[in-house]
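# Report on the structure
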Amino acid sequence: MKVVNLKQAILQAWKERWSDYQWAINIKRNCPKGVTWDYLNLAEALMEQAMIGPSPNPLILSYLKYAISSQMVSYASVLTAMSKFDDFSRELCVKSLLEIMDMFSHRLSCHGKAEECIGLCRSLLSAVVWLLQGCAWYCERLREQQGAAAGQAVPAPGSAAGVEASLKACQERLEKLIKSTKNRSLIHIARLEEQASWANVEQAVLKLTDSLSSLTNQTLRGKLEESVSLVKSIPQMLSAQGDPPVHTSFPSVHAFVMLEGTMNLTGDTQPLVEQLMMIKRMQRIPSPLFVLEIWKACFTGLIESPEGTEELKWTAFTFLKIPQVLLRLKKYPQGDKQDFMEDVNTAFEYLLKLTPLLDKADQRCNCDCLSLLLQECNKLGLLSEANTNNLTSKREFAPRLKTAENANIQPNPGLILRAEPTVTNILKTVDADHSKSPEGLLGVLGHMLSGKSLDLLLAAAAATGKLKSFARKFIKLNEFPKHMSGEGSKSASVRALLFDISFLMLCHVVQTYGSELILSDPSPSGEVPFFETWLQTCMPEEGKTLNPDHPCFRPESGKVENLVALLNSTSEMKLVQMKWHEICLNTPGAILEVLNAWENGVLSVENVQKITDNIKGKVCSMAICAVAWLVAHVRMLGLDEREKPQTMIRQLMTPMYGESTLQFYNERVVIMTSIMERMCADVFQQTGLSLRPPVEGQDPIPYRNLLPPRQPIHEALHSQFREVLNKGWVDSKALHLFENLLNMGGVFWFTNNLVKELLKETRKEWALRVVELLYSIFCLDSHQITLTLLGTILPNLLTDPAHWHSLTDPPGKALAKLSVWCALSAYSSHHKGQASARQRKRQREDIEDYNSLFPLDDTQPSKLMRLLSSNEDEPVLSSPGDRTMSSSLSASQLHAVNMRDPLNRVLANLFLLISSILASKTAGPHTQFVQSFMQECVECLEQGSRGSILQFMPFTMVSELVKLPALAKPKVVLSISDLTLPLGRRVAAKAIAAL
């Protein structure tokens, strides 16, 4: 049967005055089966016929209403047909159309295919445009009538009261339609689906806004303005944040700043800034409190840092690095639309109230720290002049700092601030060509060695990101003495000193800031410099085992014999034509010969003393190379065999005070001794001996031997974490202890035990405090810990019913929060390649073989999928091969994300696991955990970010999530869907339309 002509059928029904149900029966009888009425445009045909005259045809309208009530036509087709009517002068027609809209506008939904849901989105957008145009048209008529009344001209058709009533009717429907978050969400999807259609909305809004000025009815005008602002807010509906938290202390910011100041001074500023912004965004911290927390951590670090190098590091971090961090934070868009300078000012206002903290810092640093910081912030444009003066004047009760004993001590903050420009000058000086007269350069280097100048300069260079180029320049300088030709005794001594001082400085840099600083950035020239080679193969470091019999310690036997003879001779060592690089490489071989001769009775103690005096007498580098080998050698010996090598180490460490020593000997010996102490600390600790008598109140090497003796590491971790939890913040000593435990126990052991500590907490506020502290402790190695947490610990908890009880709230919700925070941070920093030097240096361990846990090939069953299916009577996912493509298809696959990356794979599989939990028939604490996890994702995510962790969520999961009461909200669906993809928009439209 051919498709009936709808127009003729409607006219026939009208002529014969059929009732609505008669019309429906007849039209269905004459229409072929399987054809939808929307396909035939029934709603549009009925409306067209009903609206022919000045007033609507009531009978045909009754057919339309019957079609809507009996769901013959979809809401989308009715709204689309309605929006095509543009003659607003026929007020009765408009009124009847608005009444039809009232039939269903409060329950707009669609349970059909995704295409139909997208159709509803588009028709809603058209309806909003139509209502806005109607409001604008009636406003224009009112303006014309007012103008006519004023000029006594012929008034526009229609009474003013009637026009105003029509305007009010349109406004009420617009308000009703747009006040629903669900409808706004559907319009938001339509806007993204067809960018051009949103231009019609903007045009209609503009026209209405122009007409509103002449509206005399203030109530109606106010309501229209409200509706217009709601329409305008649709594109930004996802960026509206909830209320910020009520508490004022944020341990995770505090602990993260402590971690960076203690362990990562040399790190780049940008990753630090981005990590801080991530914490601020995830926890929705107001800017002033955020800046205050950073300053509080800096002052705490200043107060509790051990004396010496660590104190200088903290001073440089606080006065040089953090102001630069704030300067970069200023460039980020501030969510609360407030001026960042005002936020910094407010933060300082709050800080001024913490008088005991400021007093203690001033006492420690022997100066007014706050005023120095205010000056720095003012210089960088973070504070206005007026605010700086105002804040400085408020700090009037500063403690009296000048006492008899410390009157001559220069405060570190002032020294650090002066050292910063000096670093730049030194870099320029070292860069110049010194082949003609190296004596001038020697004077600069000698001055750097005096007192604590070197540590000051290195700290300033580290805090300003110049330490790498500093080290690179000194490596170049260390190579300079290789080139010699026809030199006299004076130039020979200058050459020896240049080699020695640069070698000492580089060793000191490596021990203070880590070898990664030098090795991460290899020499640009093809040849590897001497110091880099020596550092990699011969220098003892924490966690590095050296082989004393390695060929690098025995270069050439002939040269070793010559060196032994030279050291054993009574005459003074000549410096002319001396190849210092070769001598340093041959020293370990010479020391072995001497040690063997001593142990076999060939040499006496006096002979050995003379040889060690010769080694350390001129060039300290030789002594360091000798001790480096002796440390590696002693490690291989039993306790009873260690006496003589350890005696040699002591002899090499004791400075000589003779007349014939080279220039700057005393300064060089101080650095040499500290380098040797660090090298030998572990070896001497094993035998319970000390290198030198302890000095009261001074720890020679800070943060060493933190692990309590004779206590299992599990107990050490538990007691340290409880201590931190009770205090409410993590100090630098605790961070070093946690790092030791992480290195000793491994990533899985460390993470698993700390997660157990979290799951013990049954009080909500304590569980949240644990989350904040753990998040910052996990920053010790966020990437590896996140892989373990998301790839091993969470799947174990979620797939084993025996563990489900531990996931009840509040600890379950807290674990979900921690997991999301870790996932977001690791994903963000990992994909910008921002692993810190400290994290790269740590020994990597394969916590799981990710290839067997999460295979790349979808046909082989993975360990995780076997885990999933083992707990179900009816396996939801017996293996990835059984899954249809659609059940695991996610946005990440459409964005072609690299799934060979372990983090991407762990995230994808975690979301597959969550999807299977939602689809299973068993509810319990594990489903509650999934709900908390997804809620946290929605709350924390940077809205509209394409590259978020939610791109790994299967599209099919959206329809499962809206079954959970807490997630059955339009905004949640928009947040978790990737609206940049057509498929993402269809999935979101389908889920929202069904709500």
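The residue count restarts for each chain, going from 1 along the sequence in the order it is written. Since the coordinates come from a predicted model, pLDDT governs what is reported: local features require at least 70, and pairs of side-chain atoms require 80 or more to be given and counted, while whole-chain, interface and lining totals use all residues. In computing side-chain properties, one takes all heavy atoms of the structure into account and sets aside hydrogens as well as water.

### Describing the overall build of the protein chain
Heads up, the rule is: Numbering of helices and strands starts at the N terminus; helices are DSSP runs of H or I of at least 4 residues and strands are runs of E of at least 2. Burial classes follow relative accessibility: with a 1.4 Å probe on protein chains only, a residue under 20% of its type's maximum area counts as buried, one over 50% as exposed, and anything between as partly exposed. Whether two residues are in contact is decided by their heavy atoms: any pair within 4.5 Å suffices. Per-residue accessibility takes into account occlusion by the displayed protein chains alone, with areas from the Shrake-Rupley method and a 1.4 Å probe.
Counting its secondary structure elements, the protein chain contains 48 helices and zero strands. Counting over 995 residues, the protein chain shows a buried share of 55%. Look at the contacts in the protein chain between residues 6 or more apart in sequence, and 79% of them connect residues 24 or more apart. Summing over all exposed atoms, the protein chain offers an accessible surface of approximately 43,000 Å²; the carbon and sulfur share of this is 53%.

### Considering the side chain of Lys-313
Tracing the backbone shows Lys-313 in helix 15 (residues 309-331). When sequence neighbours within four positions are dropped, the list of residues in contact with Lys-313 reads Leu-265, Ala-459, Thr-512 and Tyr-513.

### A short note on the side chain of Ser-96
Mapped onto the elements, Ser-96 comes out in helix 6 (residues 91-104). According to the relative accessible area criterion, Ser-96 is buried, its value standing at 8%. With residues near it in sequence (within four places) discarded, Ser-96 still touches Met-51, Pro-56 and Leu-61.

### With respect to helix 14 (residues 287-304)
Note the cut-off: Here, expected helix span is obtained from the residue count minus one, scaled by 1.5 Å.
When the terminal C-alpha atoms of helix 14 are compared, their 26 Å separation across 18 residues agrees well with the 26 Å that a helix rising 1.5 Å per residue should span. Most of helix 14 is tucked away, with 16 of its 18 residues classed as buried.

### A short note on the nonpolar core
Most often, soluble globular proteins keep nonpolar side chains buried together rather than apart. As a reminder of what qualifies: The criterion is simple. A nonpolar core is a set of buried Ala, Val, Leu, Ile, Met, Phe, Trp, Tyr and Cys residues joined through side-chain atoms within 4.5 Å.
Trp-23, Trp-534, Phe-750 and Leu-815 are the most contacted members of the largest nonpolar core, which has 334 residues in total. Per-element tally for this core: the top contributor is helix 7 (residues 114-151), with 17 residues. Discounting chain neighbours no more than four positions away, the residues touching Leu-815 are Val-755, Leu-758, Leu-759, Leu-789, Leu-794, Leu-797, Leu-807 and Phe-929.

### Overview of the pattern of salt bridges
What counts here: Take a side-chain nitrogen of Lys or Arg and a carboxyl oxygen of Asp or Glu: if they are within 4 Å of each other, that pair is a salt bridge.
One pass over the structure, following the stated rule, counts 28 salt bridges. Here Glu-532 ties to Arg-472 by a salt bridge, and the two come within 3.0 Å at their closest N and O atoms. On the criterion of sequence distance, the pair formed by Glu-532 in helix 26 (residues 530-538) and Arg-472 in helix 23 (residues 467-479) is long-range, its members being 60 residues apart. Accessibility expressed as a relative area gives 5% for Glu-532, which makes it buried. Between Lys-727 and Asp-731 there is a salt bridge whose closest N-O contact spans 2.8 Å. Lys-727 sits in the partly exposed class, given a relative accessible area of 37%.

### Quick notes on the packing of helix 38 (residues 811-830) against helix 44 (residues 902-919)
This is how it is decided: An axis is simply a line fitted to the C-alpha atoms; with a helix, the fit covers only the stretch in contact. Between two such axes, the angle follows the N-to-C directions and lies from 0 to 180 degrees. In this scheme, a crossing is called left-handed if the near helix is turned counterclockwise away from the far one by less than a right angle; it is called right-handed if the turn is clockwise. Under the grouping applied here, Gly and all other residues not named as nonpolar or charged are polar, the nonpolar ones being Ala, Val, Leu, Ile, Met, Phe, Trp, Tyr, Cys and Pro and the charged ones Asp, Glu, Lys and Arg.
Across the interface, helix 38 lies against helix 44 with an axial gap of 11 Å and an inter-helix angle of 145°. Regarding helix 38 and helix 44, the two cross each other, and that crossing is left-handed. In contact with Ala-823, Ala-826, Tyr-827 and His-830 of helix 38, helix 44 contributes Leu-903, Asn-904 and Leu-907. Within the contact of helix 38 with helix 44, the residues separate by chemical class into five nonpolar, two polar and no charged.

### Considerations on the environment of Lys-544
With respect to the element layout, Lys-544 can be found in the loop between helix 26 and helix 27 (557-568). In this structure the C-alpha to C-alpha distance between Lys-544 and Ala-632, which are 88 residues apart in sequence, comes to 10.0 Å. Dropping the residues within four chain positions of it, Lys-544 is found in contact with Leu-535, Gln-536 and Met-539.

### Considering the packing of aromatic side chains
Two aromatic rings are characterised by how far apart their centres lie and by the angle between their planes. Basically, it comes down to this: Ring pairs are drawn from Phe, Tyr and Trp, using the six-membered ring of Trp, whenever the two centres fall within 6.5 Å, and their geometry is named by plane angle: stacked under 30 degrees, edge-to-face over 60, tilted for the rest. To sit over a ring, a charge needs its Lys NZ or Arg CZ within 6 Å of the ring centre and within 35 degrees of the ring normal.
Applying the stated criterion across every chain, the model contains 19 aromatic pairs. An aromatic cluster of at least three residues, connected via ring pairs, comprises Phe-499, Phe-503, Phe-530, Phe-531 and Trp-534. Across from the ring centre of Trp-137, 4.4 Å away, lies the NZ or CZ of Arg-141, which sits over that ring. When the ring centre of Phe-290 is taken as origin, the NZ or CZ atom of Lys-280, which lies over that ring, is 6.0 Å away.

### Here we look at the packing of helix 12 (residues 251-263) against helix 14
Any two packed helices are characterised by the angle at which their axes cross and by the distance between the axes. Our working rule: An angle below 35 degrees is read as roughly parallel, one above 145 as roughly antiparallel, one from 65 to 115 as roughly perpendicular, and any other as oblique.
It is at 8 Å that the axes of helix 12 and helix 14 come closest, and there the two elements cross at 45°. Accordingly, the angle class assigned to the pair helix 12 and helix 14 is oblique. Remark: the crossing between helix 12 and helix 14 carries right-handed chirality. Taken together, the residues of helix 14 that come into contact with helix 12 (itself represented by Val-253, His-254, Val-257 and Met-258) are Phe-290, Glu-293, Ile-294, Lys-296, Ala-297, Cys-298, Thr-300, Gly-301 and Glu-304.

### What to know about helix 44
Inclusion rule: In protein, a polar contact means a hydrogen-donor-capable atom and an acceptor-capable atom, both N or O and within 3.5 Å, with residues adjacent in sequence counting only if both atoms are side-chain atoms; elsewhere, any N or O pair within 3.5 Å suffices.
With 18 residues, helix 44 extends 26 Å between its outermost C-alpha atoms, agreeing within 8% with the 26 Å of an ideal straight helix rising 1.5 Å per residue. Counting buried positions over the 18 residues of helix 44 gives 16, a clear majority of the element. Of the residues flanking the start of helix 44, the one acting as N-cap is Asp-901, its side-chain oxygen 3.0 Å from the backbone nitrogen of Leu-903.

### Examining unusual backbone geometry
Looking along the chain, the bond that leaves Asp-809 and enters Pro-810 is cis, with omega of 0°. Turning to its location among the elements, Pro-810 is positioned in the loop between helix 37 (782-799) and helix 38. One non-glycine residue, Arg-284, lies in the positive phi region at around 50°. Along the chain, the position of Arg-284 falls in the loop between helix 13 (269-283) and helix 14. The exposure class assigned to Arg-284 is partly exposed, which follows from its relative accessible area of 22%. Positioned with a positive phi, Asn-366 is a non-glycine residue whose angle comes to about 65°. With respect to the helices, strands and loops of the structure, Asn-366 is situated in the loop between helix 17 (355-365) and helix 18 (369-379). By relative accessible area, which is 9% here, Asn-366 ends up buried.

### Some remarks on the confidence of the model for the protein chain
Low-confidence regions, as indicated by low pLDDT, have predicted coordinates that should not be scrutinised in detail. The cut-off we apply is this: Values of pLDDT, the confidence the predictor places in each residue, fall between 0 and 100.
Summing up the model confidence of the protein chain, the mean pLDDT is 81 and the portion of residues at 70 or higher is 83%. Per-residue pLDDT, averaged within each element of the protein chain, yields its smallest value for helix 41 (residues 863-870) (46) and its largest for helix 35 (residues 747-759) (95). Across residues 152-156 the pLDDT falls below 50, and counting only partners more than four positions away or on other chains, this stretch makes five contacts in the model. Scored below 50 in pLDDT, residues 855-885 shows 54 contacts in the model against residues more than four places distant or in partner chains.

### Section: the environment of Pro-438
On the secondary structure map, Pro-438 appears in the loop between helix 20 (412-431) and helix 21 (439-449). Spatially, the C-alpha atom of Pro-438 lies 8.0 Å from that of Arg-495, the residues being 57 residues apart in sequence. When neighbours within four sequence positions are excluded, Pro-438 is seen to be in contact with Phe-480, Val-494 and Leu-498.

### Description of the environment of Phe-721
Tracing the backbone through its elements, the reader meets Phe-721 in helix 33 (residues 713-727). On the basis of relative accessible area, Phe-721 is assigned to the buried category, the value being 0%. Sequence separation between Phe-721 and Ala-734 is 13 residues, and the spatial gap between their C-alpha atoms is 8.5 Å. Beyond its immediate chain neighbours, meaning those up to four positions away, Phe-721 contacts Phe-738, Leu-754, Glu-757, Val-770, Leu-774 and Ile-777.

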